[in-house]
Amino acid sequence: MRWNGGTIGGRDPVTALGANPARSAGSADLARASPSANPVGSTQGGLVELKRSWVAVLWGIGLAVFAVPGASADSGGASAGGAFASQAAVISAVACASRCATVDSVKTGSLVRLRGKRMRSVRKIVFLGARGPADDVTVKARRARTTSVDAIVPDKAPSGPLMAINRDGAPSRASRAAVAVARPGSSSGPLDIKVVGRRVFVGAARPARVDVLAHSAMAVMVTLVRLSDGVTVTSWPLGEMATDVVRTVTWDGTIAGVAQPPGRYEFRVAPQVAAQAAQLAEPLTAGAFELVDHKFPVRAKHNFGEGMAAFGAGRNGHVHQGHDVFAACGTPLVAARGGVIKLNQNQANAGNYIVIDGAGTDVDYVYMHMQERSPLAKGTPVMTGQAIGKVGQTGVASGCHLHFEMWAGPGWYTGGAPIDPLAALKAWDAYS
Ligand SMILES: [Zn+2]
C-alpha cells in the first residue's frame, strides 16, 4: 500500500485540528507545488500542545471552584451562580493566528483564535492565568463564528488557559490548552522554529512536524535531512512568509508512498535565495527528531512465550506461523504498522482476527484471537499506533494472548511467506 508524504500548513495556521495526513498530497508533488496549492492537512499553530501537562495539573479540578470572572459585572442580570439562558461555548483549541511573539508564544497585540463549539454567542475572552481571579484579564471577543472566535492579547495578559463568556454571562470551562505570553524583550532570530514531537512513528496519526515563524518578510525553504548519511530527503518551499504568522510543515515518514528508514532526521529552515529558487542560504535554524517504523502492539504488561509460542513450533498438522505474546484478556492492541485492513474475520482456529496490509511496505501484519471482532472494517485505513482491538482467547487458544504474524510480500496467503516476528517484536517493545 502506498502512502502520502508531507504536508504544509496553509496561510491560516490555525486550521484543521488533528488533520489527517493520509489525505494529503504526496511529498514529491509538494516539493514542486506552491504551498498555497496544498492547504490540506495543515495543523494549527504551536500553542495547542503547549504546557498541556501543566494545565492538566493546574486545572485538573475544572472551573467549578472559583467565581466566574467578569460574569457578574457583564451578565446583564444573570448571577454567577444562577442559570444562564444560553449554552456555554466549548473551547477545544487555542492558537496564535497572527502577530505572534514566537512560534509558540503570544505578546500584547497578538491575535489568538479559539476553536470549539457554540462560539457564535461569545462576547468576552478571559485570560485566566493562575488559579483565582486576581490576575484575570478580560477582553472583547472578535469575529465570533460558529466554531471559532478571536481575541487580541491585551496588556498584562497572563500566561495560562482561556475562558469564553457569552452575551448573557454563560462561561465556558477553562481551555485545556494554554497560551504562553512572551516577556517583553525576549526575542529570537529572524526565523523561529519548533519541532513538535521528538519521536515519530511512520504512518502515525501524529506526523513529524515543524512550526516556522519569520520575524520579517522572507521566502523560506524547509528541507528534511537524514542525519545518518546527510541526504536531503525532501523539501518544502514555503514561499514568502507572512511576518509573525506560524506555518506548519508535517511529514508522515514516507516519500512517494515508501516508508523511509528509521533513524534521526532534521528539519532545516533557511531563507530561500530569490535568484536561484533551489539554492538555500545556510540554515538559520534546525531541529531533529527520531523516526521509528513500528509501535509495539500489546499496550500493557505482557510476556513473550517460548516453546509452543515460538514461530515454527509444531502444531497439529502444521507449524506455528507467528509468535504468541501473552497478556491479560482485554489488553488494548494497536497497529504495529499502519496500512489498510485487508481482512477482518472470525475463523475456527484464529478466532477474531485482522490482517493489515502495511503502509509503505510489502509486509502484512496479522493479529489473532482478539476478544471481539475489530471495529475496523475491511478496506479501512489504519494509522500506526491506532487501536485495533483487545487481547482475547477466541478460536483455538490456551490462555489470553496475541498471536502475531508478519508475512513478506505479496502478503498473507496471497503468495507471501511468514517471517519469524520475535526479533522485531522485541525491538519495538524496547522503545515503544
Ligand atoms: Zn499462536
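A quick note: this is a predicted structure, and the numbers were derived from the prediction, not measured.

1. Quick notes on the overall build of the protein
When helices and strands are counted, the protein shows four helices and 30 strands. Relative to its 432 residues, the protein shows a buried fraction of 46%. Partitioning the contacts of the protein with sequence separation of at least 6, the portion at a separation of at least 24 is 68%.

2. Quick notes on the sheet that holds strand E10 (residues 199–201)
The strands making up a sheet associate through hydrogen bonds between their backbones, and the pairing can be parallel or antiparallel. Pairing in this open sheet of five strands is mixed, and the strands run E10-E18-E17-E12-E13 from one edge to the other. The sheet terminates laterally at E10 and strand E13 (232–241), the two strands that pair on one side only. Each neighbouring strand pair of the sheet contributes to a mean axis angle of 25°, computed without reference to strand direction. Pairing of strand E12 (residues 218–226) with strand E17 (residues 263–271) involves seven bridges; the strand directions are antiparallel. The residue of E17 that forms the bridge with arginine 226 is tyrosine 265.

3. Examining the pairing of strand E4 (residues 122–127)
Burial analysis of E4 places five of its six residues in the buried class, which makes it a mostly covered element. Sheet topology places E4 next to strand E7 (residues 160–166); five bridges connect them, and they run antiparallel. Pairing of phenylalanine 127 across the sheet is with leucine 162, part of E7. Sheet topology places E4 next to strand E5 (residues 137–140); four bridges connect them, and they run antiparallel. Note that in E5 the partner of phenylalanine 127 across the bridge is valine 137.

4. Points about the nonpolar core
By size, the foremost hydrophobic cluster in this structure holds 95 residues, and its most contacted members are Val112, Leu162, Ala164, Val212, Val222 and Tyr367. When residues of this core are assigned to their parent elements, the largest contribution, six residues, is made by strand E2 (residues 90–98). Non-local contacts of tyrosine 367, meaning those with residues more than four positions away in its chain, are made with Pro297, Leu333, Tyr353, Ile354, Ile388, Gly389, Leu402 and Phe404.

5. Quick notes on the environment of aspartate 155
Looking at the element boundaries, aspartate 155 is found in the loop between strand E6 (148–152) and E7. Along the primary structure aspartate 155 and threonine 108 are separated by 47 residues, whereas in three dimensions their C-alpha atoms are 5.4 Å apart.

6. With respect to the pairing of strand E11 (residues 208–214)
Judged by how many residues are buried, E11 sits mostly within the fold: seven of seven residues are covered. Of the two faces of E11, the one lined by Ala208, Val210, Val212 and Ala214 and the one lined by Arg209, Asp211 and Leu213 are each fully buried. Pairing of strand E9 (residues 191–196) with E11, which is carried by six bridges, proceeds in the antiparallel orientation. Counterpart to valine 196 in the pairing with E11 is arginine 209.

7. Considerations on the sheet that holds strand E3 (residues 111–117)
The sheet built from three strands is open, its strands ordered E2-E3-E6 with antiparallel pairing. Edge positions in the open sheet fall to E2 and E6, since each of these has one partner strand only. Going across the sheet, the axis of each strand differs from the next one's by a mean of 25°, ignoring polarity. Judged from the five bridges that link them, E3 and E6 form a sheet pairing that is antiparallel. Looking across to E6, one finds that leucine 111 is bridged to isoleucine 152.

8. Let's talk about unusual backbone geometry
In this structure, the amide linkage connecting glycine 409 to the following residue, proline 410, adopts the cis form with an omega of 0°. Inspection of the secondary structure assignment puts proline 410 in the loop between strand E29 (401–407) and strand E30 (418–419). Unlike most non-glycine residues, arginine 143 shows phi in positive territory, near 45°. Position of arginine 143 among the secondary structure elements: in the loop between E5 and E6. Backbone geometry places histidine 369, a non-glycine residue, at a positive phi of 65°.

9. Some points on the confidence of the model for the protein
Detailed conclusions should not be drawn from predicted coordinates in areas where pLDDT is low. With 78% of its residues at a pLDDT of at least 70, the protein reaches an overall mean of 82. For residues 10–80, every residue scores under 50 in pLDDT, and the model assigns this stretch 156 contacts once sequence neighbours within four places are set aside.

10. So, the environment of glutamine 347
Inspection of the secondary structure puts glutamine 347 in strand E24 (residues 339–347). For the pair glutamine 347 and threonine 394, spaced 47 residues apart in sequence, the C-alpha separation works out to 9.1 Å. Apart from residues no more than four positions distant in its own chain, glutamine 347 is found in contact with Tyr353 and Gly395.

11. Thoughts on the environment of leucine 422
You can see leucine 422 is positioned in helix H4 (residues 422–431). For leucine 422 and methionine 406, which are 16 residues apart along the polypeptide, the C-alpha to C-alpha distance reads 9.8 Å. Those residues in contact with leucine 422 that sit more than four places away from it in its chain are Phe304, Ala310, Phe311 and His323.

Rules used in this analysis
Residues numbered from 1 in each chain as written. Predicted model: local features only at pLDDT ≥ 70, side-chain atom pairs only at ≥ 80, totals over all residues. Helix = DSSP H or I, 4+ residues; strand = E, 2+ residues; numbered from the N terminus. Buried ≥ 20, exposed ≤ 12 C-beta atoms within 10 Å, placed from the backbone. Contact = placed C-beta atoms within 7 Å. Pairing = 2+ DSSP bridges. Axes fitted to C-alpha atoms, helices over the stretch in contact; angles between N-to-C directions. Core = buried A, V, L, I, M, F, W, Y, C linked by C-beta atoms within 7 Å. pLDDT = per-residue confidence, 0-100.

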